[in-house]
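Results of the structural survey
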Amino acid sequence: MPLARIRTVCELEPVAAADEVRAYWAQVEVDTRSRRTLAAFLVDHLSRKDIPVPPMSEDEKFDIRYAMRTDRGLVRESNQDSGYAGARLLAVADGFGADGGSASAVAIDALKPLDAAMPAGDLLNALDDAVHRARSAINELPGHGDSGTTLTAMVRSDSGLALVHVGDSRVYLLRGGELFRVTHDHTVVQSLIDEGRLSEEEAASHPQRCVLLRALHAKTAEADLELRDVQVGDRYLLCSDGLHTVVGLDVLHEVLSTVDDPEEAVRRLVELANLGGGPDNVTCVVADLVPATPAA
Ligand code: MG
């Protein structure tokens with residue numbers, strides 16, 4: 001606390017002095033929180049394994065070959081996950097709370113208008129608008145108080161690809177035979193990893209590994225937005241934590257690099273999650289960027 005403010009505190013009656021200290025500390029916590037977010041972003045950005053960017057011709061046209069599968073798993077009573085895969089939109093949402101199933105469903109519904117032709121320059125704005133529509137829709141749910149959802153989605157224009165992400169569902173990219181994790185979990189455990197207080201191995205069995213720092217719910221819609229480079233030959237996996245907390249990275253890599261048909265790949269991934277006990281709902285989208293079929 002700066003000296004001038006300490007003097008103010010010393011001159012106050014005990015109750016007022018306590019209020020002053022409390023107000024000071026609340027501000028410190030707000031400042032620290034915003035600096036923590038910035039530091040985590042920088043750590044992630046600087047330590048991320050570089051994803052190779054092979055040269056490609058400017059006007060290479062692509063199509064998306066896709067499949068989606070969602071499953072209740074073996075333990076949960078209902079499926080609160082939702083998923084969507086279309087020619088222009090890929091999305092996964094993992095609901096929580098009493099109305100979690102509705103929350104994930106309305107979030108995906110809010111994105112569905114994006115599964116239509118869109119100019120490249122509008123992608124991020126359109127995604128941002130859709131996230132705010134999703135939050136409003138969640139706000140109108142009867143049990144919205146404690147309910148919300150993660151939301152991880154990709155949308156394309158003719159030449160671009162954009163990503164929106166909040167929560168702990170993930171995007172992986174298979175490029176040049178290597179598997180890269182594209183998204184950063186918004187979880188307590190991930191922030192401990194970012195601060196160097198927990199290793200990836202310790203995180204896997206941490207009791208708080210499911211606790212989210214950010215999600216889409218009635219109060220906030222703070223999501224990460226980014227544009228991705230487009231490479232024909234890329235394969236994306238979008239999945240809820242019901243997959244990535246159960247099926248290890250090496251197995252994901254093996255399935256994605258050996259099972260060619262997206263439909264067969266999502267079927268296999270869900271099967272593996274259930275073979276691992278199926279402790280949670282599981283949703284997977286597999287999408288391949290393939291050369292466009294020439295117009296007839
Ligand atoms: Mg889940």
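Here the structure is shown first, and the text comes after it.
Cut-offs applied
Residues numbered from 1 in each chain as written. Predicted model: local features only at pLDDT ≥ 70, side-chain atom pairs only at ≥ 80, totals over all residues. Heavy atoms only, no water. Helix = DSSP H or I, 4+ residues; strand = E, 2+ residues; numbered from the N terminus. Buried < 20%, exposed > 50% of the residue type's maximum accessible area, 1.4 Å probe, protein only. Areas by Shrake-Rupley, 256 points an atom, 1.4 Å probe, with all protein chains shown as cover. Core = buried A, V, L, I, M, F, W, Y, C linked by side-chain atoms within 4.5 Å. Contact = heavy atoms within 4.5 Å. Pairing = 2+ DSSP bridges. Axes fitted to C-alpha atoms, helices over the stretch in contact; angles between N-to-C directions. Phe/Tyr/Trp six-rings, centres within 6.5 Å; stacked < 30°, edge-to-face > 60°. Lys NZ or Arg CZ within 6 Å of the ring centre and 35° of its normal. Left-handed = near helix turned anticlockwise from the far one by under 90°. Nonpolar A, V, L, I, M, F, W, Y, C, P; charged D, E, K, R; others polar. Salt bridge = Lys/Arg side-chain N within 4 Å of Asp/Glu carboxyl O.

Quick notes on the overall build of the protein chain
- When you go through the protein chain residue by residue, the secondary structure sums to 9 helices and 12 strands.
- C-alpha atoms of the protein chain, sized along the principal axes, occupy 80 × 45 × 40 Å.
- Expressed as a percentage of its 296 residues, the buried residues of the protein chain come to 44%.
- For the protein chain, the exposed surface amounts to about 15100 Å²; the carbon and sulfur share of it is 54%.

Some remarks on the nonpolar core
- One finds Leu111, Leu114, Met118, Leu127, Leu151, Val155 and Leu216 to be the most contacted residues of the largest nonpolar core, which totals 25 residues.
- Counting residues per element, the ones that place at least two in this core are β3 (89-96), α3 (100-111), α4 (123-139), β5 (151-156) and β6 (161-166).
- The element best represented in this core is α4, accounting for 7 residues.
- Beyond its immediate sequence surroundings of up to four residues, Leu127 is in contact with Leu114, Val155, Ala162, Leu163, Val164 and Leu225.
- In terms of nonpolar packing, the next biggest core, distinct from the first, is built from 21 residues, Leu237, Val255, Val266 and Cys284 among them.

What to know about the sheet that holds strand β1 (residues 62-71)
- Read across the sheet, 5 strands follow the order β1-β12-β11-β7-β8 without closing on themselves; strand pairing throughout is antiparallel. Two strands close off the open sheet at either side, each with one partner strand: β1 and β8 (178-181). Mean inter-strand twist for the sheet, computed between neighbouring axes without regard to direction, equals 20 degrees.
- Across 4 bridges, the pairing between strand β7 (residues 170-175) and β8 is antiparallel. Of the residues in β8, the one forming a bridge with Leu174 is Leu179.

Some thoughts on the packing of aromatic side chains
- For the coordinates displayed, the defined rule picks out 0 aromatic pairs.
- The cationic tip of Arg156 hangs over the ring face of Phe62; the distance from NZ or CZ to the ring centre is 3.8 Å.

Topic: the packing of α3 against α4
- In the contact formed by α3 and α4, the axes pass within 8 Å of each other and the chain directions differ by 145 degrees. Crossing geometry of α3 relative to α4 is assigned as right-handed. Residues Ala103, Val106, Ala107, Ala110 and Leu111 of α3 form the contact with α4, whose participating residues are Ala130, Arg133, Ala134, Ala137 and Ile138.
- Partitioning the contact of α3 with α4 into residue classes produces 9 nonpolar, no polar and 1 charged.

With respect to the pattern of salt bridges
- Scanning the entire structure with this criterion turns up 17 salt bridges.
- When the shortest N-O distance is used, the salt bridge between Arg214 and Asp224 registers 2.9 Å. With a gap of 10 residues between them, Arg214 in the loop between α6 (200-204) and β9 (216-217) and Asp224 in strand β10 (residues 224-228) connect regions that are remote in the sequence.
- Here the salt bridges share partners, and the residues they tie into one network are Arg65, Arg235, Asp260 and Asp288.

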